[in-house]
Each structure stands twice: as structure tokens, then as C-alpha cells.
Amino acid sequence: MPAHDHQLHEGESLREAARERLQDKGEQWTEMRASVFEALAGFDRPASAYDIAEAVSKAQGRRVAANSVYRILDLFVGANLARRVESANAYVANQHPDCLHDCIFLICDNCGQAVHLDDDKVSGGVRDAAAGAGFSASRPVIEVRGTCGECDTDS
Ligand SMILES: [Zn+2]
Ligand SMILES: [Zn+2]
Ligand SMILES: [Zn+2]
């Protein structure tokens with residue numbers, strides 16, 4: 001693991017870290033952005049913009065368009081508050097908004113759960129290999145499909 005104080009946040013501490021990070025980026029933590037983050041963090045697996053729009057609509061008692069949720073998710077990804085799980089076409093709240101990593105996701109084909117790993121040695125190796133091929137990697141996407149420990153118990 002990296003030498004810095006790597007911290008995974010949860011619940012209130014995650015909301016606080018996300019708000020601080022966004023504000024450090026010069027962006028406002030609006031009520032709408034707060035509810036989108038709340039909904040995103042409430043999912044126990046990667047959620048699509050539609051899933052999140054559903055959850056926010058329910059929480060606010062008014063129809064919220066997936067398009068506006070999508071724009072906020074885009075902002076969150078850019079600010080390191082959320083990560084896109086490419087192979088699931090969905091998003092997760094980033095538990096470490098205060099530090100940057102090439103997050104690795106293990107996605108269960110059975111239950112859809114995504115386990116989030118940070119291993120800079122692995123992602124660094126991918127970056128190095130890309131550099132060796134004369135390719136400048138802006139964002140390695142490392143996702144592993146398979147079966148999670150919970151789904152694997154009765155095999
Ligand atoms: Zn870290
Ligand atoms: Zn990570
Ligand atoms: Zn599973």
C-alpha cells in the first residue's frame with residue numbers, strides 16, 4: 001500500500017470527506033448534489049444513473065431526471081467522489097475521496113456486488129507496461145469478473 005494515510009470512509013465520515021473534496025475543487029455541495037451522493041452511497045452494489053434517479057426521486061418526493069443525475073455523477077467522477085465501474089456500466093461512491101488511486105474492482109457475476117481494491121503496485125505495473133508500449137495511460141481500468149466469496153459458499 002502507498003505510504004500515505006490511506007483511509008476508507010463510511011457513513012457520515014464519507015459524506016463529510018466527499019463534501020470537503022468537492023468544495024476544495026471549487027464546486028458547491030448543493031442540496032441536489034448531496035442527495036445524489038446520499039443515494040449513490042446507499043447502494044450496496046454499482047448503481048446506474050437511472051437507479052440513482054429513482055432513489056433520489058423517491059427521497060425527494062418529486063421526479064428527478066436521470067439526465068441531471070448523470071451530469072452530477074460525471075462531476076463526482078471528475079472530482080474523485082465516485083468511480084465508474086465500466087463493465088457494469090454503473091457507479092459506486094469512492095470510499096477514499098481524499099486520495100487518488102487507480103481503483104480495482106472485482107465484480108460478482110452472480111449478485112452484482114463490486115469489491116473495491118487499491119493496489120498501486122498492480123495498477124502501476126499496467127501503467128508501466130503501457131508506457132513500455134509507447135502508450136500514455138491516463139486511466140487504467142482494471143476490473144475482474146467472477147464469483148464473490150458470499151456467492152461461492154455453496155459450491
Ligand atoms: Zn490512498
Ligand atoms: Zn480505490
Ligand atoms: Zn456475489
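Asks: Can you walk me through a negative patch on the surface in this structure?
Replies: Residues Asp 5, Glu 20, Asp 24 and Asp 98 make up a contiguous surface patch of negative charge. Note that Glu 20 resides in helix α1 (residues 11–24).

Asks: Would you mind showing me how to read the coordination of the zinc ion (ligand 3) here?
Replies: By definition of the ideal shapes, a tetrahedral metal site with four donors has angles of 109.5 degrees and an octahedral site with six donors has angles of 90 or 180 degrees. Within the protein, Cys 108 (SG), Cys 111 (SG), Cys 148 (SG) and Cys 151 (SG) serve as the donor atoms for the zinc ion (ligand 3), at 2.3 Å. In this structure, the zinc ion (ligand 3) is coordinated by four donor atoms arranged in tetrahedral fashion, with angles at the metal of 105 to 113°. In the primary sequence, the donor residues of the zinc ion (ligand 3) line up as C-x2-C-x36-C-x2-C. Each member of the pair, Cys 148 as well as Cys 151, is classed as buried.

Asks: I tried to follow the environment of Glu 86 on my own but got confused; where do I start?
Replies: Tracing the backbone shows Glu 86 in the loop between β1 (82–85) and β2 (90–93). Residues Glu 86 and Pro 97, 11 residues apart in the sequence, show an inter-C-alpha distance of 19 Å. Here Arg 84 takes part through its side chain, which lies 3.0 Å from a polar atom of the side chain of Glu 86. One polar contact links Glu 86 to Arg 139, side chain to side chain, over a distance of 2.3 Å.

What counts, and at which threshold
- Residues numbered from 1 in each chain as written.
- Chains lettered and ligands numbered in written order.
- Predicted model: local features only at pLDDT ≥ 70, side-chain atom pairs only at ≥ 80, totals over all residues.
- Heavy atoms only, no water.
- Patch = residues over 30% accessible without salt bridge, like charges linked within 9 Å, V, L, I, M, F, W, Y side chains within 5 Å.
- Areas by Shrake-Rupley, 256 points an atom, 1.4 Å probe, with all protein chains shown as cover.
- Salt bridge = Lys/Arg side-chain N within 4 Å of Asp/Glu carboxyl O.
- Lys, Arg positive; Asp, Glu negative; His and termini not counted.
- Charge placed at Lys NZ, Arg CZ, Asp CG, Glu CD.
- Helix = DSSP H or I, 4+ residues; strand = E, 2+ residues; numbered from the N terminus.
- Donors = N, O, S within 2.8 Å, 3.2 Å for Na, K, Ca; no water.
- Tetrahedral: all angles 85-135°; square planar, octahedral: opposite > 155°, others 65-115°.
- Buried < 20%, exposed > 50% of the residue type's maximum accessible area, 1.4 Å probe, protein only.
- Polar contact = N/O pair within 3.5 Å; in protein donor to acceptor, adjacent residues only side chain to side chain.

Purely geometric numbers; function is a separate question.
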